[in-house]
Amino acid sequence: MKILILNCGSSSIKYKLIEMIGEQTLSYGIMERIGMHDGLLYHHFQKEGELKEKKLVMEIPDYNIGIKLIINTLIHSKYGVINDEKEISAIGHRVVHGGEKFASSVLIDADVKQDIRDCIELAPLHNPHNLRGIKACETLLSGIPQVAVFDTAFHQTMPKFAYIYGLPYLLYQKYDIRRYGFHGTSHRYVSERVSELSGESIEDIKIITCHLGNGCSISAIEKGKSVDTSMGFTPLEGLVMGTRCGNIDPTVVFHLIGREGLSLSEVVTLLNKQSGLYGISGVSNDMREILQEVKANNSRASLALEIFCYQVRKYIASYAGVLGGVDVLVFTAGIGENVPLVRQKCCEKLDFMGVKIDKEKNELAIGKEAIISQQSSKVKIFCIPTNEELIIARDTKKIVEILINKETKN
Ligand code: ADP
């Protein structure tokens, strides 16, 4: 069974085609600059046992044409990996917001599409594009089942006292204002992977997962279920991120409007796009560039790095309190997988709760699965590259197989 995974953003589409026998990636890529005359497609494909790359530049006026181009590339005689689009058994979509409606992945039908539409108010920058991708596939790959896998779903197990804000309760009832949490598919993947790698049942381990990429979030996981997470009503809450500010006193917003004369939307842009590592350092949102500047003795870059790691450390310690102890700590995503210095700083001073990182193992763990804790560490520390697409593919397969079984019985 071959499954196409799509992650449709505002002007880009990421895709992956997975052969579920052996869970092998046949092709993956990213289409950028949709809506512009100089659209780009970076296409990677397996040919004769080798991973090859093809870059295509073309006009991509809209989503439908974009997805059509991706399909044409997948079936292309030279750089395609399948002969016919009918070889695609199902499509799995990453959908950002499922609100309170979805605690797991679902087969997409008219009701599900309406529910995703209903969540647009909660994720105006994401859900409309996810829907556009779904609709384009309905037209272009008609009859092929589609599944929605939500970023928020994994966190729907949080207890009410973890997700209700200290605001008038009426606002939750009226407008669904509460903590939802994001990156759920990644937190779920690495927590399940940790259980596989350590050979311990997920029911028996208390896990703290740190997803540190451009966006960053931490989750407390008990018996395989998310019980708290740092992102909130939107992905702005929690840690300091690439360009997002994370937790601040909400009064800052009013102060900025009064003192800087900014409009509300300008403040939203400032908090989401001009803050975080970028805003503090004045250099970049990219950890690689921050690290270079730290080496060059740039004090603002050093401050940004310190703040970033300090925030992670605070959350790790507080989530140990949430869980009543911790057995496993996981680092994942671009920074978590690749930057030993960040991992080391995030674990500083945590020996009191049994977190002891092994300097050497940590230095060697770059972009690969590894245990990076000392033998004597009570808490096992892991570096695990995330694989959200695999979770999307597995969920899609499971749901489609149920559908096929039902159809065969009828
Ligand atoms: P996204 O949230 O966009 O998926 P990623 O998970 O790719 O982001 O993480 C992006 C961040 O990871 C950036 O700050 C980038 O600098 C950092 N990063 C990615 N690869 C490396 C690397 N090899 N070394 C250092 N930092 C890296």
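Here the structure is a predicted model, which is why all the values come from computation and not from measurement.

Undergrad: Explain the overall build of the chain here, please?
TA: The secondary structure content of the chain amounts to 15 helices and 14 strands. Scaling as 2.2 N^0.38, a compact globule of 410 residues should have a C-alpha radius of gyration of about 22 Å, and the chain matches this with 22 Å. The C-alpha extent of the chain, read off along each of the three principal axes, is 55 × 55 × 50 Å. Within the chain, the fraction of its 410 residues that count as buried is 50%. Accessible area of the chain: about 19300 Å², with a carbon and sulfur share of 51%. The distance from the centre of the 48 positive side-chain charges to the centre of the 49 negative ones in the chain is 1 Å.

Undergrad: Help me out: how do you make sense of the sheet that holds strand S4 (residues 39–47) in this one?
TA: Strand pairing in a sheet relies on backbone hydrogen bonds, with the paired strands running either antiparallel or parallel. The mixed open sheet is built from eight strands, whose spatial order is S5-S4-S3-S2-S1-S6-S8-S7. Each end of this open sheet is capped by a strand with a single partner; those strands are strand S5 (50–58) and strand S7 (106–107). Relative to strand S2 (residues 13–19), strand S1 (residues 2–8) is paired through seven bridges, and the arrangement is antiparallel. What sits directly across from Leu4, in S2, is Leu17. Contacts from helix H3 (residues 127–140) reach S1, strand S6 (88–95) and strand S8 (146–150) within the one sheet, and its direction differs from that of S6 by about 165°.

Undergrad: Explain the environment of His43 here, please?
TA: In this fold, His43 is placed in strand S4. Overall, His43 belongs to the buried group, its relative accessible area being 0%. Residues His43 and Lys54 lie eleven residues apart in sequence; the distance between their C-alpha atoms is 5.1 Å. Here the side chain of His43 touches Tyr15 through a polar contact of 2.7 Å, side chain to side chain. Only 2.9 Å separates the side chain of His43 from the backbone oxygen of Tyr79, close enough to count as a polar contact.

Undergrad: Is there a simple way to think about the pattern of salt bridges in this case?
TA: Side chains that differ in sign of charge can pair as their charged atoms come close. Summed over all chains, the structure comprises 19 salt bridges. In this structure, the salt-bridge partner of Glu100 is Arg178, at a minimum N-O distance of 2.8 Å. One end of the pair, Glu100, is in the loop between S6 and S7; the other, Arg178, is in the loop between helix H5 (169–175) and helix H6 (184–198), with 78 residues separating them in the sequence. When the shortest N-O distance is used, the salt bridge between Lys345 and Glu306 registers 2.7 Å. Pair noted here: Lys345 is in helix H13 (residues 340–347) and Glu306 is in helix H11 (residues 299–323), with a separation of 39 residues, a long-range link. On the basis of relative accessibility, which here comes to 13%, the residue Lys345 falls in the buried class. Among the residues examined, Glu306 registers a relative accessible area of 40% and is labelled partly exposed.

Undergrad: Where do I start with the site of the ligand in this structure?
TA: Within the structure, the ligand sits among Gly213, Asn214, Gly215, Asn285, Asp286, Met287, Arg288, Ala333, Gly334, Ile335, Asn338 and Val339. Residue Met287 places a main-chain N or O atom 3.0 Å away from an oxygen atom belonging to the ligand. Within the backbone of Gly334, a nitrogen or oxygen atom sits 2.9 Å from an oxygen atom of the ligand. Coverage of the ligand by the protein amounts to 68% of the 570 Å² it exposes when considered alone. Within the residue set of the shell around the ligand, elements represented by two or more residues are helix H10 (287–295) and helix H12 (333–338). Here the shell around the ligand takes four residues from H12, the largest share from any one element. Partitioning the shell around the ligand into residue classes produces four nonpolar, six polar and two charged.

Undergrad: For this particular structure, what's the right way to read the pairing of S1?
TA: Looking along a regular strand, one sees the side chains alternate between the two faces of the sheet. Most of S1 is tucked away: seven of the seven residues are buried. Of the two faces of S1, the one holding Lys2, Leu4, Leu6 and Cys8 and the one holding Ile3, Ile5 and Asn7 are both buried throughout. Pairing analysis gives five bridges linking S1 to S6, with the strands arranged parallel. Following the sheet pairing, Ile5 is matched in S6 by Gly92. What sits between the antiparallel neighbours S1 and S2 is a turn of four residues.

Undergrad: What is the right way to look at empty space enclosed by the protein in this model?
TA: To find the voids left in a structure, one rolls a probe of water-molecule size over its atoms. Within this structure, the stated rule accounts for one cavity of 30 Å³ or more. Roughly 40 Å³ of internal volume is contained in the largest cavity. Around the largest cavity, the lining residues are Ile164, Tyr165, Leu167, Pro168, Tyr169, Leu171, Tyr172 and Ile177. Split by residue class, the lining of the largest cavity holds eight nonpolar, no polar and no charged.

Undergrad: Could you clarify how one ought to interpret the packing of H11 against H13 in this entry?
TA: Packing of H11 against H13 brings their axes to within 8 Å, and their N-to-C directions diverge by 50°. Judged by the inter-axis angle, H11 sits oblique to H13. For the pair H11 and H13, the sense of crossing is right-handed. Facing Leu305, Glu306, Phe308, Cys309, Val312, Arg313 and Ile316 of H11, the residues of H13 in contact are Leu341, Val342, Lys345 and Cys346.

Undergrad: Could you clarify how one ought to interpret the pairing of strand S9 (residues 206–212) in this entry?
TA: Summarising burial for S9: six of the seven residues are buried, a large majority. Across seven bridges, the pairing between S9 and strand S10 (residues 216–222) is antiparallel. Counted as the bridge partner of His211 is Ser217 from S10. In this antiparallel pair of consecutive strands, S9 and S10, the connection spans three residues. Both S9 and strand S12 (residues 328–332) contribute to a ladder of five bridges, which runs parallel. Looking at the pairing, Thr209 lines up with Val330 of S12.

Rules and cut-offs
- Residues numbered from 1 in each chain as written.
- Predicted model: local features only at pLDDT ≥ 70, side-chain atom pairs only at ≥ 80, totals over all residues.
- Heavy atoms only, no water.
- Helix = DSSP H or I, 4+ residues; strand = E, 2+ residues; numbered from the N terminus.
- Rg over C-alpha atoms; globule rule 2.2 N^0.38 Å.
- Buried < 20%, exposed > 50% of the residue type's maximum accessible area, 1.4 Å probe, protein only.
- Areas by Shrake-Rupley, 256 points an atom, 1.4 Å probe, with all protein chains shown as cover.
- Lys, Arg positive; Asp, Glu negative; His and termini not counted.
- Charge placed at Lys NZ, Arg CZ, Asp CG, Glu CD.
- Pairing = 2+ DSSP bridges.
- Contact = heavy atoms within 4.5 Å.
- Axes fitted to C-alpha atoms, helices over the stretch in contact; angles between N-to-C directions.
- Polar contact = N/O pair within 3.5 Å; in protein donor to acceptor, adjacent residues only side chain to side chain.
- Salt bridge = Lys/Arg side-chain N within 4 Å of Asp/Glu carboxyl O.
- Near = heavy atom within 4 Å.
- Nonpolar A, V, L, I, M, F, W, Y, C, P; charged D, E, K, R; others polar.
- 1 Å grid on protein atoms, 1.4 Å probe; cavity = no way out; pocket = protein on both sides within 12 Å on 5 of 7 lines; lining within 4 Å.
- Points joined across faces, edges and corners; volume = space filled by probe spheres on them.
- Parallel < 35°, antiparallel > 145°, perpendicular 65-115°, else oblique.
- Left-handed = near helix turned anticlockwise from the far one by under 90°.

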